[in-house]
Amino acid sequence: MLTRRTLALALAASWCFALPAGAQEWKAKYPELSLGVIPAENASGTTDRYAPLTAYLSKQLGVPVKLRVANDYAAVIEGQRAGNIHIGFYGPAAFARAVMTGVKAEPIVNQTHGNGASGYYSVIYVRADSPYKTIDDLKGKNLALVDPNSASGNQAPRYFLNKAGYDVDKFFGRTVYAGSHENAVLALVQGTADAAANLYNTDTDTQVTRMAAKGMLRKPDGSAMTQADFRVVFKSDFLPEGPFAILAGLPDDLKARIRQAFLDLPKADTAAFNTLSDGKDIGLNPVTLKDFEPMIEMLRFNDAQRRKS
């Protein structure tokens, strides 16, 4: 007798046999995938930003994709090295460090901003109401950096300031790692730092504008701060935007599906895509390891300078 239960089982079996053999194999080996992301903002903000993406990827790939918000940039590197993070979102310097230290990861896409560029700048901010007008004015003052593996928050400032004749560790009176881009800005706002290194995508999309939009930046009288309350005293050369990267050892069929899911994201789930950048980005750009070779050279230079000192 053909019951409803046996019919359902038969349909499920026929669906499984209809799947390509490769898909059946990788789903058996990878019944769940993880997306690890660097902590550019506080943990709850990062979760809100990436949760729609993990839901989208789960639907597109047919297996649950779990979000892992790293405590620091190195955690994403080590998670991929250990094979525990199948898809990682990196800053460009963090990805360069991963490659330099033997992590087998393949960059697949990075974000294209509203100005059409798939990259950004490192800047050093001071308060607009401070007496500091130039880098020279900051000699002996306190600088808030982000993370040792942050491009805009550490590696780029060190590299480009060194090229301009300033050794970060000798020029500033004190440097501290704030742990995230948000925390570096907050250190400046709260007066525990005289300057802060950070990212700057476009004139209307910076770490400051994103924090201001969330009501995170306030003057002592409680009024809201804007970009005009900050002064840029240093701006780096153009940096490539950080990539989403997949483990090189994943099955080819799975890697192809992940890559295609990201390429389809802006149109397939516009809401999830817009959440990644507060609606500031316009697309995703395919990338390869070659795109990050300048970052690898930057880190090699900085490493050599550190060994000298």
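Look up: the structure comes first, before these words.
Here's what I pulled together on the structure shown here.

## Some details on helix H5 (residues 92-100)
- When you tally the buried positions in H5, you get 7 out of 9 residues, the bulk of the element.
- For H5, the complete set of buried residues consists of Pro92, Ala93, Ala94, Phe95, Ala96, Arg97 and Ala98.
- Where H5 ends, the next residue or the one after it, Gly102, has phi of about 90°, a positive value.

## Details of the side chain of Gln80
- As for its position among the elements, Gln80 is in helix H4 (residues 73-81).
- Assessed through its relative accessible area of 2%, Gln80 is described here as buried.
- From its side chain, Gln80 meets the backbone oxygen of Ala245 in a polar contact 3.5 Å long.
- Beyond its immediate sequence surroundings of up to four residues, Gln80 is in contact with Ile85, His86, Ile87, Gly88, Tyr90, Val103, Ala105, Ala245, Ile246 and Leu247.

## A few points about the pairing of strand S12 (residues 243-247)
- In terms of residue burial, S12 counts as a mostly covered element, since 5 of its 5 residues are buried.
- Summarising the sheet, strand S3 (residues 87-89) and S12 pair through 3 bridges and their orientation is antiparallel. In the strand pairing of S12, Phe89 is matched with Phe244.
- Here 5 bridges tie strand S4 (residues 105-113) to S12, and the two strands are oriented antiparallel to one another. Across the sheet, the residue bridging to Ala105 is Leu247, located in S12.

## Describing the packing of aromatic side chains
- With the rule as written, the count across this model stands at 11 aromatic pairs.
- Aromatic pair Phe89 and Phe244: ring centres 4.7 Å apart, planes at 40°, arrangement tilted. Of the two residues, Phe89 sits in strand S3 while Phe244 sits in strand S12, which places them 155 residues apart along the sequence.
- Accessibility expressed as a relative area gives 9% for Phe89, which makes it buried.
- Among the residues examined, Phe244 registers a relative accessible area of 1% and is labelled buried.
- The interplanar angle of 85° and the centroid separation of 5.2 Å between the aromatic rings of Tyr159 and Phe301 together place this pair among those described as edge-to-face.

## Remarks on the sheet that holds S12
- Here we have 6 strands laid out as an open sheet, ordered S2-S1-S3-S12-S4-S13, and mixed in their pairing. Single-partner strands in this sheet number two, and they are strand S2 (65-69) and strand S13 (281-286). With strand direction ignored, the average angle separating the axes of adjacent strands in the sheet is 20°.
- Both strand S1 (residues 33-37) and S3 contribute to a ladder of 3 bridges, which runs parallel. Considered in S3, the bridge of Gly36 is made with Gly88.
- Lying over the sheet, helix H3 (residues 43-61) contacts S1, S2, S3 and S12, oriented at roughly 160° with respect to S2.
- The sheet contacts of helix H11 (residues 270-277) involve S4 and S13, and relative to S13 the element is tilted by about 95°.

## As for the side chain of Arg127
- Considering the arrangement of structural elements, one finds Arg127 in strand S5 (residues 119-127).
- Given a relative accessible area of 15%, Arg127 falls into the buried group.
- Polar contacts involving the side chain of Arg127 include one to the side chain of Asp129, which spans 3.0 Å.
- Among the polar contacts listed, one links the side chain of Arg127 to the backbone oxygen of Val189, at a separation of 3.0 Å.

## Regarding the environment of Asn115
- Mapped onto the elements of the fold, Asn115 is located in the loop between S4 and S5.
- Residue class for Asn115 comes out partly exposed when judged on its relative accessible area of 47%.
- With near-sequence residues (within four places) excluded, Asn115 lies in contact with Asn201 and Thr202.
- Polar contacts involving the side chain of Asn115 include one to the main-chain amide nitrogen of Ala117, which spans 3.0 Å.

How each quantity is defined
Residues numbered from 1 in each chain as written. Predicted model: local features only at pLDDT ≥ 70, side-chain atom pairs only at ≥ 80, totals over all residues. Heavy atoms only, no water. Buried < 20%, exposed > 50% of the residue type's maximum accessible area, 1.4 Å probe, protein only. Helix = DSSP H or I, 4+ residues; strand = E, 2+ residues; numbered from the N terminus. Polar contact = N/O pair within 3.5 Å; in protein donor to acceptor, adjacent residues only side chain to side chain. Contact = heavy atoms within 4.5 Å. Pairing = 2+ DSSP bridges. Phe/Tyr/Trp six-rings, centres within 6.5 Å; stacked < 30°, edge-to-face > 60°. Axes fitted to C-alpha atoms, helices over the stretch in contact; angles between N-to-C directions.

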